[in-house]
Amino acid sequence: MSEKDLNEKEGIKTNNFIHQLIDEDLKEGKNDQKVHTRFPPEPNGYLHIGHAKSICLNFGTALKYNGLCNLRFDDTNPSKEDVEYVDSIKEDVHWLGFDWGDREYYASDYFDKLYAFALKLIHEGKAYVDDQSAEEISRQRGTVNVPGHVSPFRDRTIEENLDLFDRMKNGEFEDGSKVLRAKIDMASPNMMFRDPILYRIIKTTHHRTGDKWCIYPMYDFTHGQCDYWEGITHSICTLEFEIHRPLYDWFINQLKDSDYRPRQIEFSRLNLTYTMMSKRKLLELVQKKLVKGWDDPRMPTICGLRRRGYTPESIRNFAERVGITKNDSVVDVALLEHSVREDLNKKVQRVMGVINPLKVVITNYPDGQIEELDAVNNPEDETMGTRKVPFSKELYIEKDDFMENPPRKFFRLSPGREVRLRYAYFITCQEVVKDENGEVVELHCTYDPATKGGNAPDGRKVKSTIHWVSVPTAVEVEVRLYDRLFNVEDPSGDKEHDFKEYLNPGSLTVLPKCYVEPFVKGSKSLDKFQFERLGYFCVDADSTSDKLVLNRTVGLKDAWAKANKN
RNA sequence: UGUCUUGUGGUGUAAUUGGCAACACAUCUGAUUCUGGAUCAGAAGAGUCCAGGUUCGAGCCCUGGCAGGACAACCA
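Remember, it's a predicted structure, so these values are computed and weren't measured experimentally. (Residues numbered from 1 in each chain as written. Chains lettered and ligands numbered in written order. Predicted model: local features only at pLDDT ≥ 70, side-chain atom pairs only at ≥ 80, totals over all residues. Heavy atoms only, no water.)

A. Spotlight on the overall build of chain A. Per the secondary structure count, chain A includes 16 helices and 25 strands. For chain A, the spread of C-alpha atoms along the three principal axes comes to 100 × 55 × 40 Å. Looking at chain A alone, contacts between residues at least 24 apart form 72% of all its contacts between residues at least 6 apart. When the accessible surface of chain A is summed, it comes to about 25700 Å², and 48% of that surface belongs to carbon and sulfur atoms. Where the 82 positive side-chain charges of chain A centre and where its 94 negative ones centre are 3 Å apart. (Helix = DSSP H or I, 4+ residues; strand = E, 2+ residues; numbered from the N terminus. Contact = heavy atoms within 4.5 Å. Areas by Shrake-Rupley, 256 points an atom, 1.4 Å probe, with all protein chains shown as cover. Lys, Arg positive; Asp, Glu negative; His and termini not counted. Charge placed at Lys NZ, Arg CZ, Asp CG, Glu CD.)

Set out below in structure tokens:
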């Protein structure tokens, strides 16, 4: 993928404040004029749309400047991580259209170097082993307004620290009994400098290093160093790490032996209306089985969106559109939905389908006759060709396309009115058949044979065109409609919420008896299409029954919903 | 009573570094079409958090406020 591909969409700006900073760095000749970024997920969950923003930024920036972008797994906490997540992350990044080449790294690749660096700090009197409990350390750290107090173990000798740290590594101590801390400044106004913890003891098998280690470095003691060793020039992360930057720089200063230095730059993470993006909570949804898995189409995960029919292009375009700034913001999910519609509209096959069937009998059409009519696959792209659609005496139309007592602006079928069946004939509704409850169950219509193909030789016009499926050849499918998972505008990530309170009970609607043209079944390669006027659908990848399961990609626009309510 | 950081239509971003606040989404009209989707045309909507200052001229510069966010895991 080239930058040009990424920028194919006219009107979408690809410049942002980070690029301006990079331009300045380049102008000043920093780091040999190189640009090298990295995408550094922790493999403790599946990637979501928020990560997509970061992926597009990091890989996109590398592409823009002819540089490289590494994929690096920040796997320093074995108690939360798993290869399942590693695999899914790789799949999702590739699917989005980015490639890290052979630069797949792991923070755990650097455990030896990190250990050696810790030793160096101890030797220089800049780190010490603290025997206090987590609670004690936390208590003496002070608060944002009051300075902390030094640990009673702060002045251990270098030899003692070396010995203790060695024994920590050798597994002589229990989890939580000792940590290695940097000796910086317990009174610093920046809490990050109050003797940050470098290493802790976790006797858990690591998904890559197994049981080789029982001490693991903390994020702050890992990230910058990894950036440094990989030759990263611009370490782009989200706003919550802003306050870590001075510490990031502090470690780099202890490490660096040349003019080269990576630079941390922060941007604001993506928030979407009606969308909950906290990894912790998404994990909870999966664990509590409130959704069927990480790829449940209601999830904002990349795999969930994929299964729902989103395309990589649409997500990349969306990421460009939301832009990169340091403002805390909440993007309207309608922008995401617009991005898919826009992309799908030009590449997706059109198919006639009926979600809520109403039977129509063409009384003057010959019994048992089936004729094939030509239908265009995509009116905006002739190269997608045409297909044959079978027509017969009995049809299904969409229930919403008929109203017995139409209001003023309803132009579709109603008693006595003539409309066009798309690609077929003009029909006129002659009779409405109801059941004992007064519910409309069937319509009797007549067709005009002269209007075959959809045009009247006498030039008469109809006000609307409706879609249909022929009963004898219809393929029965199950359609799943997914609404927004959360029914509040801003489930604001980090506050404590009861999921039940926010899960929209109507977020999944299963419509078991829907009908589509036989074409759908015959095309194995076809996984996405647009039902005429009913939105975009995607064949569910995991459907086990022989009946086709279709997921609706996006809901209908409000205008349509309103028009239908009348 | 801290450190870092952010304030531009409803939402998200722009503004050639001091020159008529622009674009997209959303909203509302209208037109057109063999899908009321798409498309096309148009409308409404901010005077840039506030108050001063510099300047012929400030969203951009200066001073002082106000409001929001992040930071007190042995998470990342």
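B. Quick peek at unusual backbone geometry. For Asn-66, which is not glycine, the phi torsion reads 60 degrees and is therefore positive. Looking at the secondary structure, you find Asn-66 in the loop between α3 (49–64) and β2 (68–73). Given a relative accessible area of 75%, Asn-66 falls into the exposed group. Phi angles above zero are rare outside glycine, and Tyr-274 is one such case at about 60 degrees. As for its placement among the helices and strands, Tyr-274 is situated in the loop between β9 (263–267) and α10 (279–287). Given a relative accessible area of 22%, Tyr-274 falls into the partly exposed group. (Buried < 20%, exposed > 50% of the residue type's maximum accessible area, 1.4 Å probe, protein only.)

C. Summary view of empty space enclosed by the protein. All chains considered together, the criterion is met by three cavities of 30 Å³ or more. Space inside the largest cavity adds up to approximately 50 Å³. For the largest cavity, the full set of lining residues is Lys-292, Asp-296, Pro-297, Arg-298, Arg-307, Arg-480, Tyr-482 and Leu-508. Its residues assigned to classes, the lining of the largest cavity comprises three nonpolar, no polar and five charged. (1 Å grid on protein atoms, 1.4 Å probe; cavity = no way out; pocket = protein on both sides within 12 Å on 5 of 7 lines; lining within 4 Å. Points joined across faces, edges and corners; volume = space filled by probe spheres on them. Nonpolar A, V, L, I, M, F, W, Y, C, P; charged D, E, K, R; others polar.)

D. Quick look at the nonpolar core. Ranked by internal contacts, the top residues of the largest apolar core, which has 49 residues, are Ile-49, Val-93, Leu-272, Val-479, Phe-531 and Leu-550. Ranked by residue count, the leading element in this core is α3, at six residues. The next biggest cluster of nonpolar side chains, apart from the first, holds 38 residues, and it includes Phe-117, Leu-180, Ala-182 and Tyr-260. (Core = buried A, V, L, I, M, F, W, Y, C linked by side-chain atoms within 4.5 Å.)

E. Seen up close, the confidence of the model for chain A. For chain A, the mean per-residue pLDDT works out to 90, and 90% of the residues sit at or above 70. With pLDDT under 50 throughout, residues 1–11 is counted as low confidence; its partners more than four residues away or in other chains account for 13 contacts. This complex was scored by the predictor with a pTM of 0.93 and an ipTM of 0.96. (pLDDT = per-residue confidence, 0-100.)

F. View of the packing of aromatic side chains. Applying the stated criterion across every chain yields a total of 25 aromatic pairs. For the pair Tyr-115 and Trp-213, a centre-to-centre distance of 5.7 Å together with 55 degrees between the ring planes defines the contact as tilted. In this pair, Tyr-115 is assigned in helix α5 (residues 111–123) and Trp-213 in the loop between β6 (197–201) and β7 (215–217), connecting sequence segments 98 residues apart. Of the two residues, Tyr-115 and Trp-213, both sit in the buried class. Each ring, one from Phe-529 and one from Phe-531, has its centre 5.5 Å from the other, and the planes form 25 degrees; the classification is stacked. Residues Phe-529 and Phe-531 agree in their burial class; the two are buried. Grouped by ring-pair contacts, the aromatic residues Phe-111, Tyr-115, Phe-117, Phe-165, Tyr-199, Trp-213, Tyr-216, Phe-221, Trp-250 and Phe-251 constitute a single cluster. The lysine or arginine in question, Arg-208, covers the ring of Tyr-106, its NZ or CZ lying 3.4 Å from the ring centre. (Phe/Tyr/Trp six-rings, centres within 6.5 Å; stacked < 30°, edge-to-face > 60°. Lys NZ or Arg CZ within 6 Å of the ring centre and 35° of its normal.)

G. Highlighting the sheet that holds strand β17 (residues 426–434). What the seven strands build is an open sheet, ordered β19-β16-β17-β18-β12-β15-β20; its pairing is mixed. A strand with exactly one partner marks an edge of an open sheet, and here the two such strands are β19 (465–466) and β20 (468–470). Judged from the three bridges that link them, strand β16 (residues 418–421) and β17 form a sheet pairing that is antiparallel. Directly across from Arg-420, in β17, lies its bridge partner Phe-426. (Pairing = 2+ DSSP bridges.)

H. Quick peek at helix α12 (residues 312–322). Here α12 has its buried residues at Pro-312, Ser-314, Ile-315, Arg-316, Asn-317, Phe-318 and Ala-319. Directly beyond the C-terminal end of α12, a positive phi value near 75 degrees is found at Gly-323.

I. Structural view of the pattern of salt bridges. For the structure shown, the criterion picks out 47 salt bridges. Residue Glu-160 pairs with Arg-156 through a salt bridge whose shortest N-O separation is 3.6 Å. Look at Arg-156 and you get buried, because its relative accessible area is 13%. Across the pair Lys-347 and Glu-313 runs a salt bridge whose closest N-O atoms are separated by 3.3 Å. Taken as a pair, Lys-347 in helix α13 (residues 333–347) and Glu-313 in helix α12 lie far apart in primary sequence, 34 residues in all. The partly exposed category is assigned to Glu-313, whose relative accessible area is 24%. (Salt bridge = Lys/Arg side-chain N within 4 Å of Asp/Glu carboxyl O.)

J. Region of the structure containing the sheet that holds β6. Spatial ordering of the open sheet is given by β4-β5-β6-β7, a layout of four strands whose pairing is antiparallel. This sheet does not close on itself; its edge strands, each paired only once, are β4 (127–130) and β7. The sheet shows a mean angle of 20 degrees between the axes of neighbouring strands, taken without regard to direction. Inspection of the sheet shows β6 paired to β7 by three bridges, in the antiparallel sense. Bridge assignment links Ile-201 to a residue of β7, and that residue is Ile-215. In the packing of helix α7 (residues 158–169) onto the sheet, the strands contacted are β4, β5 (179–182), β6 and β7, and the crossing angle to β4 comes to about 60 degrees. (Axes fitted to C-alpha atoms, helices over the stretch in contact; angles between N-to-C directions.)

K. Region of interest: the pairing of strand β24 (residues 535–539). With five of five residues buried, β24 is to be regarded as a mostly interior element. Relative to β24, strand β23 (residues 528–531) runs antiparallel, the two sharing four bridges. Among the inter-strand pairings, Gln-530 is bridged to a residue of β24, identified as Tyr-536. With antiparallel pairing between neighbouring strands as the criterion, β23 and β24 make up a hairpin whose turn holds three residues, including Arg-533 at a positive phi of roughly 65 degrees. Summarising the sheet, β24 and strand β25 (residues 548–552) pair through three bridges and their orientation is antiparallel. In the sheet register, Cys-538 faces β25, and the bridge partner there is Asn-551.

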